[in-house]
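One-letter residues, chain by chain:
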Amino acid sequence: MFKNVSLVAGKWLGSDQKFQNEPVSGLADSFAIGTVEMVNLACEAAEEAFWSYGYSTADERARFLEEVANQIDARGTEITKTGMKETGLPQARLEGERGRTIAQLRMFAQHIKTGKHLDYLNDKALPERAPIPRPDLHLIQRPIGPVAIFGASNFPLAFSSAGGDTAAALAAGCPVVVKAHPAHPGIADLIAQAFNAAIKATGVHPGVFSQVNDGGHIVGETLVQHPLIRAVGFTGSLQAGRALFDIAAARPVPIPFFGELGSTNPMFILPKAIAARGDEIATGWAGSITMGAGQFCTNPGVAIILDGPLAVQFAQNTATILNDTAPQTMLTHGIADAFQWGCDHVASKAGVTAVVASENGKRTAVPQLFSTTAANWLAQDTLQKEVFGPMAILIVAKDMNEMRDLAHSLEGQLTCTLHLESGDLKDAQTLMPVLERKAGRLLANGFPTGVEVCDSMVHSGPYPASTNFGATSVGTMAIRRFLRPVCFQNMPKELLPSDLLVS
């Protein structure tokens, strides 16, 4: 059962104004719209909670994270049922995503127990050093304070209310205020209930987690502007993310805005690879384009190949597979409309040929494939913009020099991929320094859709892939976004932080 209201510091708060979700079938559910007053109360409660939670032990925070995971797991059947209704995502996808969400929470619980996130360093005092003695110095990472989290549309669990941003912030010791995404308010409601149950079970301050329902731009802007918020985690569109980023930067005291905004995730298919396994690459690309109706931030929306008969065959093979793909339900009507607009925009550009172009439904999408030359791509910057959904562009370069020119022209990306054989290594070596500057993750002979949650993962990249290329929103390193280094000089042991690894 839904609460249908916002959770603010352990209290369920409603309002007179309502909005509805967009069920794929059945009756819509109504939810109370969030307000500015709720945001203010949530931020004040988060600051109050920080004075206890921010100074708690790693074991205490780990117990809370593990209890949140348990409470989400206990609501699994209802979460899946609600997700299928609200988003149109299939049961297997939602169950898998719930498993990932639970695993992320437990991963951070284990990670902070090891103390690896603390970056602890100790330069011992050298009182006899001449001409100037050295003091005793301890360095440790400390939590920054309350964090604002914006739920994502395409991952109602793993990148939303209890997703990676929330898990990382809570692991660091930072209370969170979540703005629930309007695409799946029912799932967000159930997750908030899980958090509330975990708060009661572990006895942490109720201000550690608050969630405010969607209330239009004013709720999000108020949250980013609130003086008690110390950082923002965001996954969404370039337009919305850039607007919030500018607000964060314009504050009297600017704060970091960790936004994942957009990426086309280009693949470079080198000559020996296309000759050896062009059919295999076409099959994999088509599957990656259409996975989840293309609603993945790592969807490989661009492939670059050298001109010739093999390029023609590759386009034909990809088109054959895409033409056999049935229409897929998109997350919301608004996302479906934006996808159609994006396809129409690409199709209207000079020098662009439609290889696969079918009519989309009101909330369904069919794959779209376009082709153009590298020269035409380089002449039209707007072709680089992400189209969120199952659409891709095949770019044909006349030679490796033009392929390298195209690599140099790329905006920042989450991923770049090389498809290569041993005979392509010399060409690949000339591309690698360029691609390393363009993306946070480089792949060989694979497809970027799907992100492994582990210590070594990087899910970010230069702008516009993200607003902070030195961070990641996936993997244990994600916790570093919500920590800052503090040095303690000649400090008595009794005054040092409780989780400082004193040697």
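Structure: see above.
Residues numbered from 1 in each chain as written. Predicted model: local features only at pLDDT ≥ 70, side-chain atom pairs only at ≥ 80, totals over all residues. Heavy atoms only, no water.

**Observations regarding the overall build of the protein chain**
Line of reasoning, step 1. In terms of regular secondary structure, the protein chain is built from 14 helices and 21 strands.
Line of reasoning, step 2. Its C-alpha atoms give the protein chain a radius of gyration of 24 Å, within 12% of the compact-globule value 23 Å for 503 residues.
Line of reasoning, step 3. With respect to the principal axes defined by its C-alpha atoms, the protein chain has extents near 75 × 70 × 40 Å.
Line of reasoning, step 4. Across the 503 residues in the protein chain, those meeting the buried criterion constitute 57%.
Line of reasoning, step 5. For the protein chain, long-range pairs separated by at least 24 residues make up 77% of all intrachain contacts whose partners lie at least 6 apart in sequence.
Line of reasoning, step 6. Summing over all exposed atoms, the protein chain offers an accessible surface of approximately 20,400 Å²; the carbon and sulfur share of this is 55%. (Helix = DSSP H or I, 4+ residues; strand = E, 2+ residues; numbered from the N terminus. Rg over C-alpha atoms; globule rule 2.2 N^0.38 Å. Buried < 20%, exposed > 50% of the residue type's maximum accessible area, 1.4 Å probe, protein only. Contact = heavy atoms within 4.5 Å. Areas by Shrake-Rupley, 256 points an atom, 1.4 Å probe, with all protein chains shown as cover.)

**A look at the pattern of salt bridges**
Line of reasoning, step 1. Taken as a whole and assessed by the stated rule, the structure comprises 9 salt bridges.
Line of reasoning, step 2. Among the ionic pairs, Glu97 bridges to Arg93, the shortest N-O distance being 3.2 Å. Within this pair, Glu97 and its partner Arg93 are both found in helix α4 (residues 91-114), separated by 4 residues, close to a single helical turn.
Line of reasoning, step 3. According to the relative accessible area criterion, Glu97 is buried, its value standing at 3%. (Salt bridge = Lys/Arg side-chain N within 4 Å of Asp/Glu carboxyl O.)

**With respect to unusual backbone geometry**
Line of reasoning, step 1. Following Ala130, the chain continues to Pro131 via a peptide bond in cis, the omega torsion being 5°.
Line of reasoning, step 2. Residue placement: Pro131 occurs in the loop between β5 (121-123) and β6 (137-143).
Line of reasoning, step 3. The omega torsion of the bond from Tyr463 to Pro464 falls at 10°, within 30 degrees of zero and hence cis.
Line of reasoning, step 4. Structurally, the position occupied by Pro464 is in the loop between β20 (439-444) and β21 (483-489).
Line of reasoning, step 5. Phi at Ala9 is positive, roughly 50°, even though this residue is not glycine.
Line of reasoning, step 6. Assignment of secondary structure puts Ala9 in the loop between β1 (6-8) and β2 (11-13).
Line of reasoning, step 7. Located in the positive-phi region is Asn490, a residue other than glycine, with phi close to 50°.

**Focus: helix α9 (residues 271-290)**
Line of reasoning, step 1. Its 20 residues give α9 an end-to-end C-alpha distance of only 25 Å, which falls more than 12% under 28 Å, the value for a rise of 1.5 Å per residue.
Line of reasoning, step 2. At Arg277, α9 shows its maximal bend, which comes to roughly 95°.
Line of reasoning, step 3. Looking only at α9, the buried set comprises Ala273, Ile274, Arg277, Gly278, Ile281, Ala282, Trp285, Ala286, Ser288, Ile289 and Thr290.
Line of reasoning, step 4. Count one or two residues on from α9 and you reach Gly292, which has phi positive near 60°. (Expected span 1.5 Å × (residues − 1). Bend = angle between axes of the 7 residues up to and from the residue.)

**Examining the packing of helix α1 (residues 36-53) against helix α7 (residues 217-225)**
For any two helices packed against each other, one specifies the inter-axial angle together with the distance between the axes.
Line of reasoning, step 1. Between α1 and α7, the least distance of the axes is 9 Å, while the angle of their chain directions is 25°. In terms of orientation, α1 lies roughly parallel with respect to α7. Of the two elements, α1 crosses α7, and the hand of that crossing is right-handed. For the pair α1 and α7, the contacting residues are Val36, Val39, Asn40 and Cys43 in the first and Ile218, Val219, Thr222 and Leu223 in the second. (Axes fitted to C-alpha atoms, helices over the stretch in contact; angles between N-to-C directions. Parallel < 35°, antiparallel > 145°, perpendicular 65-115°, else oblique. Left-handed = near helix turned anticlockwise from the far one by under 90°.)

**Focus on the side chain of Thr415**
Line of reasoning, step 1. Residue placement: Thr415 occurs in strand β19 (residues 413-419).
Line of reasoning, step 2. On the basis of relative accessible area, Thr415 is assigned to the buried category, the value being 1%.
Line of reasoning, step 3. Within the structure, the side chain of Thr415 is placed 2.9 Å from the side chain of Asn265, a separation counted as a polar contact.
Line of reasoning, step 4. Once residues lying within four places of it in the same chain are set aside, the contact partners of Thr415 are Ser263, Asn265, Pro266, Thr298, Ala439, Arg441, Leu443 and Pro448. (Polar contact = N/O pair within 3.5 Å; in protein donor to acceptor, adjacent residues only side chain to side chain.)

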